[in-house]
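Coordinates in review
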Amino acid sequence: MGIARLFLEWPVVRQLRSGDVLGRGPAVTSKQTRALAPRTTTADRVVQSICPYCAVGCGQRVYVKDGRVVQIEGDPDSPVSRGRLCPKGSASEQLVNSPGRQTKMLYRAPHATEWQSLDLDTAIDMVADRFVEARRHAWQDIDNKGHPLRRTLKIAALGGATLDNEENYVIKKLFTAAGAIQIENQARI
């Protein structure tokens, strides 16, 4: 490439030559920049979701390519957020694709020093068995004066603020039906 040709490719010279005096158009973009395409255009499919961070429930559009999340943006069709996301919601793609993300159920037996991996079905069965056993073992049907109690003090629930009202309502009903009376939510603490 000659010196004259190299000189003509300088951004300032390209600006003046093309009429883009303010340098806001194609005169100041490199070949590499012109070759870039948004990740949203290369996605195989778009899935609607809800942001996992708080109880607001902002809508998200999750762009997937080859079974991997490539971009997450606000969903303009969401009546809650109308396409907007806070900084944490905007960064939720990093949460999904983080190399440190746990994808297996881990269990540490009592007095053990090491964690062991469990499949999801085994872990859910363990939790359900312990829940039922705690309820059965500590059920209080009546007090010493014969008044009905129908409760257990061995089960407690602490809800999180990342759940929406409907999810918290169902959890409250589940634990109340199981006889638990120690039910609280992070939002009230």
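Fair warning: this is a prediction, and the values are worked out from it, not measured in the lab.

1. A word on the UniProt feature "domain: 4Fe-4S Mo/W bis-MGD-type" (unreviewed entry) in the chain
As recorded in UniProt, the sites labelled "domain: 4Fe-4S Mo/W bis-MGD-type" (unreviewed entry) are residues 44-100. In residues 44-100, the share of helix is 18% and the share of strand is 35%. The end C-alpha atoms are 25 Å apart.

2. Some words on the domain arrangement of the chain
Per the domain assignment, the segments of the chain are domain 1 (3-35), domain 2 (45-97) and domain 3 (138-188). If you average the C-alpha positions of domain 1 and of domain 2, the two centres end up 37 Å apart.

3. Points about unusual backbone geometry
Notably, Arg-82 is not glycine yet its phi reads approximately 50°, a positive angle. By secondary structure assignment, the location of Arg-82 is in the loop between β3 (68-74) and α4 (87-90). Taking the relative accessible area as the measure of exposure, Arg-82 reaches 56% and is therefore exposed. Despite not being glycine, Arg-150 has its phi angle at roughly 45°, a positive value. Taking relative accessible area as the criterion, Arg-150 reaches 54% and is therefore assigned exposed.

4. A look at the sheet that holds strand β1 (residues 45-50)
With antiparallel pairing, 3 strands are arranged side by side in an open sheet as β1-β2-β3. Unpaired on one side and paired on the other, β1 and β3 mark the two borders of the sheet. Between one strand axis and the next, the sheet turns by 30° as a mean value, whatever way the strands run.

5. What about the state of the cysteines?
The term disulfide refers to a covalent linkage connecting the sulfur atoms of a pair of cysteines. Following the criterion strictly, the structure yields 0 disulfides and no others. Free cysteine Cys-51: the closest other cysteine sulfur is in Cys-86, separated by 5.7 Å.

6. Section: the sheet that holds strand β8 (residues 180-185)
Spatial ordering of the open sheet is given by β6-β7-β8, a layout of 3 strands whose pairing is mixed. Two strands lie at the open edges of the sheet, namely β6 (139-142) and β8, each paired on one side alone. Looking at each pair of strands side by side, their axes are set apart by 30° on average, direction ignored. Where β6 meets strand β7 (residues 148-159), 3 bridges bridge the pair, whose relative direction is antiparallel. Bridge pairing in β7 links Ile-142 to Pro-148. Against the sheet, helix α6 (residues 120-137) touches β6 and β7, its axis set at about 145° to β7. Helix-sheet contacts for helix α7 (residues 165-177) involve β7 and β8, and the interaxial angle to β8 is about 160°.

7. Side note on the pattern of salt bridges
Under the definition given, this model contains 3 salt bridges. Two residues, Arg-61 and Asp-75, come together in a salt bridge whose shortest N-O distance is 3.1 Å. Here Arg-61 is found in strand β2 (residues 59-65), whereas its partner Asp-75 is found in the loop between β3 and α4, with 14 residues between them in sequence. Judged by relative accessible area, which is 4%, Asp-75 ranks as buried. For Glu-133, the salt bridge is made with Arg-136, and the minimal N-O distance between the two is 3.3 Å. Here Arg-136 and Glu-133 lie together in helix α6, a separation of 3 residues that amounts to about one turn. The exposure class of Glu-133 is partly exposed, given its relative accessible area of 42%.

About the thresholds
Residues numbered from 1 in each chain as written. Predicted model: local features only at pLDDT ≥ 70, side-chain atom pairs only at ≥ 80, totals over all residues. Heavy atoms only, no water. UniProt positions renumbered as here; feature names shortened; annotations may be inferred. Helix = DSSP H or I, 4+ residues; strand = E, 2+ residues; numbered from the N terminus. Domains from an automatic or database assignment. Buried < 20%, exposed > 50% of the residue type's maximum accessible area, 1.4 Å probe, protein only. Pairing = 2+ DSSP bridges. Axes fitted to C-alpha atoms, helices over the stretch in contact; angles between N-to-C directions. Disulfide = S-S within 2.5 Å. Contact = heavy atoms within 4.5 Å. Salt bridge = Lys/Arg side-chain N within 4 Å of Asp/Glu carboxyl O.

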